[in-house]
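# Structural overview for review
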Amino acid sequence: MTASSITIQTRTAELMAFIQALPAAKQESARQLLEQRLAKSGPESEVLYWYPEFNGVVCVCFLRGRMLFSAFSGRKGKPDFTYTFSAVEQLEGHLGRWVAFHNAVAERKALEQAQKAAWLPKLNIGDVFVSQWGYEQTNVDYYQVVAVNGKFVDLRKIDKEVNFASEKHGACRPIPDCFVSDEVLTKKAYQFNTLDPESCVIKLNSYESAFIKKPKLVEGKKVYESDMWTANY
């Protein structure tokens, strides 16, 4: 920082000590981010405030008797705002709103993560999942739940009733309890929609996911809606 009649306390050394105490795998990226932010904030800039709750940093740079303030959040290398004032007190209103906003975002994310960690699938043995996958065509597969253990689900593939609208497309429905293989897939279930606690998805592999398929009750019997399939050969 260049010499100035304005005396303020900076926290660059404090933030650097915090970074050096991080796990080794995180230190280099955190140091590079801080250096990038300081470089964006002007020559010989320093950290004025930092907020570990949302990885927020406010940097200050002295320019001809005035101060340039730059604020960063998250993993951004570009400032959220940049203001020039002659006194730190002039920054307070802008800073208060900025901190309040990012604190609220951080609190909401923490709550969502806690809810995600506590979520358990509401599944029963006999429930059916549907997988629709393919690049040039749409393949449809069905899986039936045979066991539930917390977030982990045992699935077996079941047969389907296939109807043709043409040679290359049509509709199909699952046939519960009609297993086509003895193979049991043990997979972890995830909440698909945070607004719907009963939503559920299971990742089968890198290209295929299965979603819970809810039947309708018609005269006391479970009836599944059909799913569309396509073929290119």
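Fair warning: this is a prediction, and the values are worked out from it, not measured in the lab. (Residues numbered from 1 in each chain as written. Predicted model: local features only at pLDDT ≥ 70, side-chain atom pairs only at ≥ 80, totals over all residues. Heavy atoms only, no water.)

All right, on to the nonpolar core then. Phe69 and Trp98 are the most contacted members of the largest nonpolar core, which totals 17 residues. Elements represented by at least two residues in this core include exactly strand E1 (46–51), strand E2 (56–63), strand E3 (66–72), strand E4 (81–85) and helix H3 (92–118). Contact partners of Phe69, with chain neighbours within four places excluded, come to Leu48, Cys59, Val60, Phe81, Thr82, Tyr83, Phe85, Ala87, Val88 and Leu91. Ranked by size, the runner-up nonpolar core spans 13 residues in total, among them Trp119, Tyr143, Ala189 and Leu204. (Core = buried A, V, L, I, M, F, W, Y, C linked by side-chain atoms within 4.5 Å. Buried < 20%, exposed > 50% of the residue type's maximum accessible area, 1.4 Å probe, protein only. Helix = DSSP H or I, 4+ residues; strand = E, 2+ residues; numbered from the N terminus. Contact = heavy atoms within 4.5 Å.)

A few words on the confidence of the model for the protein chain. Of all residues in the protein chain, 97% have pLDDT values of 70 or greater, and the mean over the chain is 91. Contacts of residues 1–5 to residues separated by more than four positions or lying in other chains number seven contacts, the stretch itself having pLDDT below 50. (pLDDT = per-residue confidence, 0-100.)

Looking now at the sheet that holds E3. Taken in spatial order, the four strands of this open sheet run E1-E2-E3-E4, and their pairing is antiparallel. Sheet topology places E1 and E4 at the edges, where each strand pairs with a single neighbour. Neighbour-to-neighbour, the strand axes of the sheet open up by a mean angle of 20 degrees, direction not taken into account. One ladder, built from five bridges, connects E1 with E2; its direction is antiparallel. Residue pairing in the sheet places Tyr49 in a bridge with Val58 of E2. Contacting E1 and E2, helix H1 (residues 12–20) runs over the sheet at an angle of about 55 degrees to E1. (Pairing = 2+ DSSP bridges. Axes fitted to C-alpha atoms, helices over the stretch in contact; angles between N-to-C directions.)

Right, let's get into the layout of surface pockets. Over the atoms, a rolling probe the size of a water molecule traces out where space has been left empty. Its boundaries defined by the atoms lining it, the largest pocket holds a volume of some 390 Å³. Surrounding the largest pocket, 17 residues form its lining, Phe18, Leu22, Ala30, Asn55 and Arg75 being those nearest its centre. Elements represented by at least two residues in the lining of the largest pocket include exactly H1, helix H2 (24–40), E1 and E2. Ranked by residues supplied to the lining of the largest pocket, first place goes to H2 with six residues. (1 Å grid on protein atoms, 1.4 Å probe; cavity = no way out; pocket = protein on both sides within 12 Å on 5 of 7 lines; lining within 4 Å. Points joined across faces, edges and corners; volume = space filled by probe spheres on them.)

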